[in-house]
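Take a look at the letters that make up each chain.
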Amino acid sequence: MTPGFITISLFWFFYMAGLGLIFPYQSLYFQQNLGLSGAQLGLALAMHPLIGIVSSPLWGQWADRTGKRRMCLFILTIGSATGYILVSRASDFSLLLIYIAFLSFFSAPAMSVSSSLSFAVLGKTNAGQFGHIRVWGTIGYLIMIILFPQLLTALGNNDGAGQTENLSLIFPMAAAFCVLASIILLRVPASRSVTVRAQKGDFKKLLTLVSYIKLLVLAFFAFGLLSGPIVIFPIFVVAKGGDIETISRLWIPMLILEIPLIYFAGAGLRQMGARGLIALGISCDGLRWLITAVAPNLSWIFGIQLLHGVVVAGLIIGMQLYVEEKVPENLRVTGQTLLGAVMGSGAVISHLWTGVVLEHLGTNMPYLIAGSMSIFLGICTWFFLEKSATR
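### So, the overall build of the protein chain
Line of reasoning, step 1. Of the regular secondary structure elements, the protein chain holds 18 helices and zero strands.
Line of reasoning, step 2. Taking 21 Å as the expected radius of gyration for a compact globule of 391 residues, we find that the protein chain reaches 20 Å, a close match to that expectation.
Line of reasoning, step 3. Taken along the three principal axes of its C-alpha coordinates, the protein chain extends 55 × 45 × 35 Å.
Line of reasoning, step 4. Once local pairs closer than 6 in sequence are excluded, the contacts in the protein chain between residues at least 24 apart make up 85%.

In structure tokens:
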């Protein structure tokens, strides 16, 4: 087994356990606990990718130039923990935006740097095993999705209003998981691929990689369509008569299929290439949201959420594998964080338009728009991206 494999897998487990508390519930917390309007909600959710547009490339270049990739991720994880605590104490909208901006400066690049460090631990020849590491993040995420509603029940909040009132617990709990993840991170071995440095002029090479530039363009449009619908999904569920327990149950089928699909992402890479994975992921996400929009009730939506696993393995893991294949190892973090920044710029647009559409046209319309346009984008992806060397 590759040295550091178990350690970096544990990092993913604890770090994404924290995200399993934040991501499914934060939009509901902002809307119901803080009373944000649709436009305010869109702006608050857009802060994370907006700040990431600036912070991700900065952290990526610093990590590649110094070779301190492990230290970079350690700082980002501790900064995220601090930011979660601050957000939980926001008393008005202006203060909330400031605290989210602080949190996002550290948390927005964290996933890209985590992926980069994982690829560095594996090395270029073993990049196809990335899913074997990344899957532990999904397992941690799933565990918290299941346990958090049970925690609220144990605290005596059996009614929907009581559960919503205690949603603020997600922030200190997520901070604690970040601290645990950062401690584990210190045990990752400092191999040559982890500490290799980029020279000053090397960063310009990324701009000459046509295949990489095409990926960035595609990522902007894909996340411009698809980021908003998943973030406002808790609001959609509540509007359809669900509650926190329903949100948890809906996430379970989304994650159960994701686990084997991520684990065997390397096999998918060999069969269809990174381009095929990406095209499949975008198309399936479009189909998922289109069916969600027209489904007559929540029971119909449970089954279609199984496509979430295909989306993560295809769209997100596929893009990361594509970068790992096209970008030199000394620019590994910059390549991944720049991809993350472009994803974030698309997500800013997505959060803003979904917030406005949600407020003025209702909960179904964002899913109709994103679903139909993403199916078309997924088909175009096959012809737009260059063929992967692994296919």
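### Observations concerning a nonpolar patch on the surface
Line of reasoning, step 1. Where nonpolar side chains cluster on the molecular surface, the patch consists of L207, I213, V217, F220, F221, I349 and F384 and spans about 610 Å² of accessible area.
Line of reasoning, step 2. With four residues, helix α10 (residues 210-231) is the single largest residue contributor to the nonpolar patch.
Line of reasoning, step 3. By the secondary structure assignment, I213 is in helix α10.
Line of reasoning, step 4. Judged by its relative accessible area of 33%, I213 is partly exposed.

### Topic: the packing of aromatic side chains
Line of reasoning, step 1. Applying the stated criterion to the full structure yields 15 aromatic pairs.
Line of reasoning, step 2. Summarising the aromatic geometry, the rings of W12 and F130 are spaced 6.4 Å apart at their centres and angled 75 degrees between planes, so their arrangement reads as edge-to-face. Here W12, found in helix α1 (residues 5-22), pairs with F130, found in helix α6 (residues 130-154); they are 118 residues apart in sequence, far enough to count as distant. In this structure, W12 and F130 share a single accessibility class: buried.
Line of reasoning, step 3. Aromatic side chains Y25 and F148 sit 5.4 Å apart centroid to centroid with 45 degrees between the ring planes, which places their arrangement in the tilted category. Of this pair, Y25 sits in the loop between α1 and α2 (26-33) while F148 sits in helix α6, and the two are 123 residues apart along the sequence.
Line of reasoning, step 4. Take Y25: its relative accessible area is 0%, and that puts it in the buried class.

Cut-offs used in this document
- Residues numbered from 1 in each chain as written.
- Predicted model: local features only at pLDDT ≥ 70, side-chain atom pairs only at ≥ 80, totals over all residues.
- Heavy atoms only, no water.
- Helix = DSSP H or I, 4+ residues; strand = E, 2+ residues; numbered from the N terminus.
- Rg over C-alpha atoms; globule rule 2.2 N^0.38 Å.
- Contact = heavy atoms within 4.5 Å.
- Patch = residues over 30% accessible without salt bridge, like charges linked within 9 Å, V, L, I, M, F, W, Y side chains within 5 Å.
- Areas by Shrake-Rupley, 256 points an atom, 1.4 Å probe, with all protein chains shown as cover.
- Salt bridge = Lys/Arg side-chain N within 4 Å of Asp/Glu carboxyl O.
- Buried < 20%, exposed > 50% of the residue type's maximum accessible area, 1.4 Å probe, protein only.
- Phe/Tyr/Trp six-rings, centres within 6.5 Å; stacked < 30°, edge-to-face > 60°.

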